[in-house]
Amino acid sequence: ETGVTQSPTHLIKTRGQQVTLRCSSQSGHNTVSWYQQALGQGPQFIFQYYREEENGRGNFPPRFSGLQFPNYSSELNVNALELDDSALYLCASSLVAGRNYEQYFGPGTRLTVT
Amino acid sequence: DAKTTQPPSMDCAEGRAANLPCNHSTISGNEYVYWYRQIHSQGPQYIIHGLKNNETNEMASLIITEDRKSSTLILPHATLRDTAVYYCIVRANNYGQNFVFGPGTRLSVLP
């Protein structure tokens, strides 16, 4: 167990709807990254938040947005859902300090868009 | 794109050592080699990382060649629970760097 929790576990949405996924980072970690993992592929980086600000973004459109709160928990919001957004969404927390940059992943949220 | 290449799949007998290779011929001097694994339907799990020296922890050993262009993850006594997809990633330990995952190696530990 990494101490990173995500909710909900599973979610079914309809194309065009909006969704919010939540992540609680490991105690003491100040950075949260979000990844999308399509079936049979490796995780793809969406963006990272450090001290409540976006700190790096992958090749995802603006309808993917996020927030980080003062307690370092985070949300991923996706607007105007498309069928291709169906995937496992992973968050990972890390402590940006010294040489320790390991990311610890949560169990993920399985999103199905119909 | 991922900067590493790994075989898509490997088998290993239970109790034997599993040696998973990774090529990273374009690795930069400030980039570390990280290994993660993902057991079916779970989030990736950190295994080990290193810069140029060999590393060992309670899970595995990481052997990095002297030219740093390749590495091998060694699970000394594989068990059925080690069946997973193993990802080799190179990443600089700089502020804002993320992990770029490739397709990984699917390791099957056979009884």
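For clarity, every value in this text was computed on a predicted model and none was experimentally measured.

Asks: Just to check I follow, could you spell out the overall build of chain B for this structure?
Replies: Tallying secondary structure elements over chain B gives zero helices and nine strands in all. Reading chain B from its N terminus to its C terminus gives the helix and strand order β-β-β-β-β-β-β-β-β. The dimensions of chain B, computed from C-alpha atoms along their principal axes, are 40 × 30 × 25 Å. For chain B, the proportion of its 111 residues judged to be buried stands at 47%. Across chain B, contacts joining residues at least 24 apart in sequence account for 57% of those joining residues at least 6 apart. For chain B, the accessible surface area stands at approximately 5,600 Å², while carbon and sulfur atoms represent 48% of it. Put simply, chain B has 9 plus and 9 minus side-chain charges, and the middle of one group is 3 Å from the middle of the other.

Asks: Help me understand the sheet that holds strand E3 (residues 19-24) of chain A in this model?
Replies: Strands pair in a sheet through their backbones, by hydrogen bonds, and they do so in one of two ways: parallel or antiparallel. Residues and elements named next belong to chain A. Ordered by their spatial adjacency, four strands build an open sheet running E1-E3-E8-E7, and the pairing between neighbours is antiparallel. Of all strands in the sheet, those bounded by a partner on one side alone are strand E1 (5-7) and strand E7 (64-68). Each neighbouring strand pair of the sheet contributes to a mean axis angle of 20°, computed without reference to strand direction. For E1 and E3, the ladder comprises three bridges, and the chain directions are antiparallel. In the sheet register, serine 7 faces E3, and the bridge partner there is arginine 22.

Asks: Is there a simple way to explain the pairing of strand E11 (residues 109-113) of chain A in this structure?
Replies: Taken residue by residue, a regular strand's side chains alternate between the two faces of the sheet. Residue and element names in this part refer to chain A. Residues of E11 alternate between two faces, with Thr109, Leu111 and Val113 buried on one and Arg110 and Thr112 left unburied on the opposite face. With four bridges connecting them, strand E2 (residues 10-13) and E11 associate as parallel partners. Bridging across to E11, isoleucine 12 finds its partner in threonine 112. In terms of strand pairing, strand E9 (residues 87-94) meets E11 through three bridges, oriented antiparallel. Each residue of the ladder has a partner; that of tyrosine 89, found in E11, is threonine 109.

Asks: Please clarify how unusual backbone geometry should be interpreted in this entry.
Replies: Across the chain, the bulk of peptide bonds are trans and the bulk of non-glycine residues have phi less than zero. Residues and elements named next belong to chain A. Here the amide bond leading from serine 7 into proline 8 is cis, since omega sits at -10°, within 30 degrees of zero. With respect to the secondary-structure elements, proline 8 resides in the loop between E1 and E2. Here glutamate 52, not a glycine, exhibits a phi torsion of approximately 75°, which is positive. You can see glutamate 52 is positioned in the loop between strand E5 (44-50) and strand E6 (53-57). Backbone geometry at tyrosine 72 places phi at a positive 75°, although glycine is not the residue there. Relative to the helices and strands, tyrosine 72 resides in the loop between E7 and strand E8 (74-78). Looking at tyrosine 72, the relative accessible area reads 29%, which means it is partly exposed.

Asks: For this particular structure, what's the right way to read the nonpolar core?
Replies: It is characteristic of soluble globular proteins that their nonpolar side chains tend to be buried jointly. Core analysis: the biggest nonpolar cluster contains 21 residues, and Trp35, Leu73, Tyr86 and Leu107 of chain B have the highest contact counts within it. When residues of this core are traced back to their parent elements, those giving at least two are strand E2 (18-23), strand E3 (31-38), strand E4 (45-50), strand E6 (61-64), strand E7 (70-75), strand E8 (84-92) and strand E9 (105-110) of chain B. At four residues, E8 of chain B tops the list of elements feeding residues into this core. The residues contacting leucine 107 of chain B, other than those within four sequence positions of it, are Met10, Asp11, Cys12, Ala18, Leu20, Leu75, Asp82, Thr83, Ala84 and Tyr86 of chain B. Listed in part, the 19 residues of the second largest apolar core include Val4, Val19, Leu76 and Leu111 of chain A.

Asks: What exactly am I supposed to notice about the interface of chain B and chain A here?
Replies: Accessible area lost during the coming together of the parts is what is often quoted as the interface size. Residue-level contacts link 21 residues of chain B with 21 residues of chain A. Between chain B and chain A, the buried area comes to about 1,700 Å², and carbon and sulfur atoms account for 53% of it. In this structure, the connection of chain B to chain A is made through zero salt bridges. Our count for the chain B to chain A interface comes out at four residue pairs in polar contact (both at pLDDT 80 or more). Elements represented by at least two residues in the side of chain B that touches chain A include exactly E3, E4 and E8 of chain B. Along the lines of polarity and charge, the residues of the side of chain B that touches chain A split into nine nonpolar, eleven polar and one charged.

Reading guide: rules and limits
- Residues numbered from 1 in each chain as written.
- Chains lettered and ligands numbered in written order.
- Predicted model: local features only at pLDDT ≥ 70, side-chain atom pairs only at ≥ 80, totals over all residues.
- Heavy atoms only, no water.
- Helix = DSSP H or I, 4+ residues; strand = E, 2+ residues; numbered from the N terminus.
- Buried < 20%, exposed > 50% of the residue type's maximum accessible area, 1.4 Å probe, protein only.
- Contact = heavy atoms within 4.5 Å.
- Areas by Shrake-Rupley, 256 points an atom, 1.4 Å probe, with all protein chains shown as cover.
- Lys, Arg positive; Asp, Glu negative; His and termini not counted.
- Charge placed at Lys NZ, Arg CZ, Asp CG, Glu CD.
- Pairing = 2+ DSSP bridges.
- Axes fitted to C-alpha atoms, helices over the stretch in contact; angles between N-to-C directions.
- Core = buried A, V, L, I, M, F, W, Y, C linked by side-chain atoms within 4.5 Å.
- Buried area = accessible area lost by both parts, 1.4 Å probe.
- Salt bridge = Lys/Arg side-chain N within 4 Å of Asp/Glu carboxyl O.
- Polar contact = N/O pair within 3.5 Å; in protein donor to acceptor, adjacent residues only side chain to side chain.
- Nonpolar A, V, L, I, M, F, W, Y, C, P; charged D, E, K, R; others polar.

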